[in-house]
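The lines below spell out each chain.
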Amino acid sequence: MLDPELLERITARRAELDELEEQLAKQLEEVRAERDELAVAERVLERVSEQLADERASAAQAPGQVGGHAVMLIPHRTPDVEETVLPPDYQRILAAVRQAAGPVMARQVGEMLGVDVTARAKLEPLRGRLVRLVDRGWLRVLPDGRFTTCL
């Protein structure tokens, strides 16, 4: 015959362990949920850090103010201003237009620079840079919309 007191102690201990198991399972679930949140936060932080680094790099390449005064990031072309004062992406655009056999459309410049020309959202900023170079005298635009170098 089983000792009733021992049987009662075993039953009580089993109940304690069941309760402990339930608490631990709940804690484990909370830990996993918090880890998932931390993983998301980490990805967001990485993206924001990359964007900030890109913004800082572009700001360092072409300062918008000198001595507290606003300056043009793309200066007007004059005999005493060299192409090297332009930001690197504008220098690449000028080089691509020069390499072309003749006047080129923005799409052709994009292809030469490796821009996804099928996406309008990628092509329009390039077209804007080409127009800015025209406005500052670095390039010419023909009546048909093609771009070419200045004489």
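Structure: see above.
Below: a short report on this structure. Keep in mind that this is a model prediction, so the values were computed, not measured.

### A closer look at the overall build of the protein chain
Logical step 1: Regarding its fold elements, the protein chain presents four helices and four strands.
Logical step 2: Seen in sequence order, the protein chain has helices and strands lined up from the N terminus as α-β-β-α-α-α-β-β.
Logical step 3: Among the 151 residues that make up the protein chain, the fraction classed as buried is 17%.
Logical step 4: Excluding contacts between residues fewer than 6 apart, the proportion of contacts in the protein chain whose partners are at least 24 apart in sequence is 44%.
Logical step 5: Counting only carbon and sulfur atoms, one obtains 54% of the accessible surface of the protein chain, whose full area is about 11700 Å².

### A few points about the nonpolar core
Logical step 1: Leu86, Val109, Leu130 and Leu133 are the most contacted members of the largest nonpolar core, which totals 19 residues.
Logical step 2: Secondary structure elements with two or more residues in this core: α2 (88-99), α3 (106-113) and α4 (120-135).
Logical step 3: The leading source of residues in this core is α2, at five residues.

### A closer look at the packing of α2 against α4
Logical step 1: At their nearest, the axes of α2 and α4 sit 11 Å apart, and the two run at 80 degrees to each other. Judged on the interaxial angle alone, α4 and α2 are roughly perpendicular. Where α2 abuts α4, its residues Asp89, Tyr90, Ile93, Leu94 and Val97 lie against Leu126, Arg129, Leu130, Arg132 and Leu133.
Logical step 2: Here the contact of α2 with α4 is built from residues that sort into seven nonpolar, no polar and three charged.

Thresholds applied
Residues numbered from 1 in each chain as written. Predicted model: local features only at pLDDT ≥ 70, side-chain atom pairs only at ≥ 80, totals over all residues. Heavy atoms only, no water. Helix = DSSP H or I, 4+ residues; strand = E, 2+ residues; numbered from the N terminus. Buried < 20%, exposed > 50% of the residue type's maximum accessible area, 1.4 Å probe, protein only. Contact = heavy atoms within 4.5 Å. Areas by Shrake-Rupley, 256 points an atom, 1.4 Å probe, with all protein chains shown as cover. Core = buried A, V, L, I, M, F, W, Y, C linked by side-chain atoms within 4.5 Å. Axes fitted to C-alpha atoms, helices over the stretch in contact; angles between N-to-C directions. Parallel < 35°, antiparallel > 145°, perpendicular 65-115°, else oblique. Nonpolar A, V, L, I, M, F, W, Y, C, P; charged D, E, K, R; others polar.

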